[in-house]
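Structural characterization, general
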Amino acid sequence: MIKMEDIIREGHPTLRATAKEVSIPLSDEDIQLGQEMMEFLVNSQDPIKAEELDLRGGVGLAAPQLDISKRIIAVLIPSNDPENPEPILQDVMFNPKIVSHSVQQACLGDGEGCLSVDRNVPGYVVRSVRITLTYTNALGETKKVRFKNYPAIVVQHEMDHLNGIMFYDHINAENPFILKDDVLVLE
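Predicted model only: the values in this text are computed from it and were never measured.

If you check helix 3 (residues 150-162), its first and last C-alpha atoms are 19 Å apart, about what 13 residues at 1.5 Å a residue would give, namely 18 Å. Taking burial as the measure, the 13 residues of helix 3 include 12 buried ones, the bulk of the element. What helix 3 keeps buried is the set Pro151, Ala152, Ile153, Val154, Val155, Gln156, His157, Glu158, Met159, Asp160, His161 and Leu162. The positive-phi residue at the C-terminal boundary of helix 3 is Gly164, with phi of around 75°.

This is the structure in structure tokens:
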């Protein structure tokens, strides 16, 4: 079971390295890692389990955050709709690639956080508002999926980890809250 102490923190060299693709067909080891990553996200979003296991809540986790330099991400975005409690997005993605993205950009009004960053880093993290992604799922199926708004931002954040990029690399160092006029701010 993955716990907070298994997640490496900023400054660790693996977080700045480009992760290597996993071989397809997937190994049992890679499938197991994906399952454990998703289990961490599920536990981190369960208030009782999160407190019991001392977990910070997360919606995404990338293998490099576990000091495993492989192109694997897990994303679990819960629903805010009591009528439809199914997650908005729940998948483990192997070798994900952004194949297209919108010109339109967006950012989260509250900024971004990261399980590998123990401090608050204020500022807008500007990303594409829409992306199209290809990846292999745990069943070995090739998927091509479009994401927009919050799910697109979460996926791009996790994809950055595969390329040695931290979210705060996108923040304007001179003026963290400056935005071009056409950037959507998602609340």
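What follows is about the UniProt feature "active site" (unreviewed entry) in the protein chain. Under the feature "active site" (unreviewed entry), the UniProt entry names Glu158. Following the sequence through the fold, Glu158 ends up in helix 3. Classification of Glu158 as buried rests on a relative accessible area of 4%. Once residues lying within four places of it in the same chain are set aside, the contact partners of Glu158 are Gly60, Leu61, Ala62, Gln65, Ile73 and Val75.

Attention shifts here to unusual backbone geometry. In this model, Ile24 is joined to Pro25 through a cis peptide bond whose omega is 5°. Position of Pro25 among the secondary structure elements: in the segment before helix 1 (28-45). Of note, Asp67 is a non-glycine position whose phi angle comes to about 65°, a positive value. On the secondary structure map, Asp67 appears in the loop between strand 1 (60-62) and strand 2 (72-77). Even without being a glycine, Asn95 presents a positive backbone phi close to 50°. Along the chain, the position of Asn95 falls in strand 3 (residues 89-101).

Across all of its chains, the model carries 10 salt bridges by this definition. In this structure, Arg16 and Asp169 form a salt bridge, with 2.5 Å as the shortest nitrogen-oxygen distance. Linking Arg16 in the segment before helix 1 with Asp169 in the loop between helix 3 and strand 8 (184-186), this pair joins segments that are 153 residues apart in sequence. Since its relative accessible area comes to 44%, Arg16 is described here as partly exposed. One salt bridge connects Asp118 with Arg56, and the closest N-O pair in it is separated by 2.8 Å. Here the residue Asp118 occupies a position in the loop between strand 4 (105-108) and strand 5 (127-128), and Arg56 occupies one in the loop between helix 2 (47-53) and strand 1, the gap between them amounting to 62 residues. According to the relative accessible area criterion, Asp118 is exposed, its value standing at 52%.

Our focus in this paragraph is the UniProt feature "binding site: Fe cation" (unreviewed entry) in the protein chain. Per the UniProt annotation, the sites labelled "binding site: Fe cation" (unreviewed entry) are Cys114, His157 and His161. A stretch of 48 residues holds the annotated residues, and the largest C-alpha distance among them is 10.3 Å, short enough that they meet in one place. Considering only the annotated residues already named, the ones lining the largest pocket are Cys114 and His157. Relative to the helices and strands, His157 resides in helix 3. Judged by its relative accessible area of 8%, His157 falls in the buried class. Apart from the residues lying within four places of it in its own chain, the contact partners of His157 are Glu112, Gly113, Cys114, Arg127 and Phe167. Looking at where His161 falls in the secondary structure, it is placed in helix 3. Sequence-distant contacts of His161, that is, excluding residues within four places in its chain, are made with Leu15, Ala17, Ala62, Pro64, Gln65, Cys114 and Met166.

The next thing to look at is the sheet that holds strand 6 (residues 130-136). Taken in spatial order, the 5 strands line up as 1-2-3-6-7 in an open sheet, and their pairing is antiparallel. Edge strands, defined here as strands with exactly one partner in the open sheet, are strand 1 and strand 7 (142-148). Averaged over all neighbouring strand pairs, the angle between strand axes comes to 40°, with direction disregarded. Examined bridge by bridge, strand 2 and strand 3 share 6 bridges and lie antiparallel to one another. Counted as the bridge partner of Leu76 is Gln90 from strand 3. Across the sheet, helix 1 is in contact with strand 1, strand 2 and strand 3; its angle to strand 2 comes to roughly 30°. Where helix 3 meets the sheet, it contacts strand 1, strand 2, strand 3, strand 6 and strand 7, and its direction lies at approximately 155° from that of strand 2.

Rules used throughout
Residues numbered from 1 in each chain as written. Predicted model: local features only at pLDDT ≥ 70, side-chain atom pairs only at ≥ 80, totals over all residues. Heavy atoms only, no water. Helix = DSSP H or I, 4+ residues; strand = E, 2+ residues; numbered from the N terminus. Expected span 1.5 Å × (residues − 1). Buried < 20%, exposed > 50% of the residue type's maximum accessible area, 1.4 Å probe, protein only. UniProt positions renumbered as here; feature names shortened; annotations may be inferred. Contact = heavy atoms within 4.5 Å. Salt bridge = Lys/Arg side-chain N within 4 Å of Asp/Glu carboxyl O. 1 Å grid on protein atoms, 1.4 Å probe; cavity = no way out; pocket = protein on both sides within 12 Å on 5 of 7 lines; lining within 4 Å. Pairing = 2+ DSSP bridges. Axes fitted to C-alpha atoms, helices over the stretch in contact; angles between N-to-C directions.

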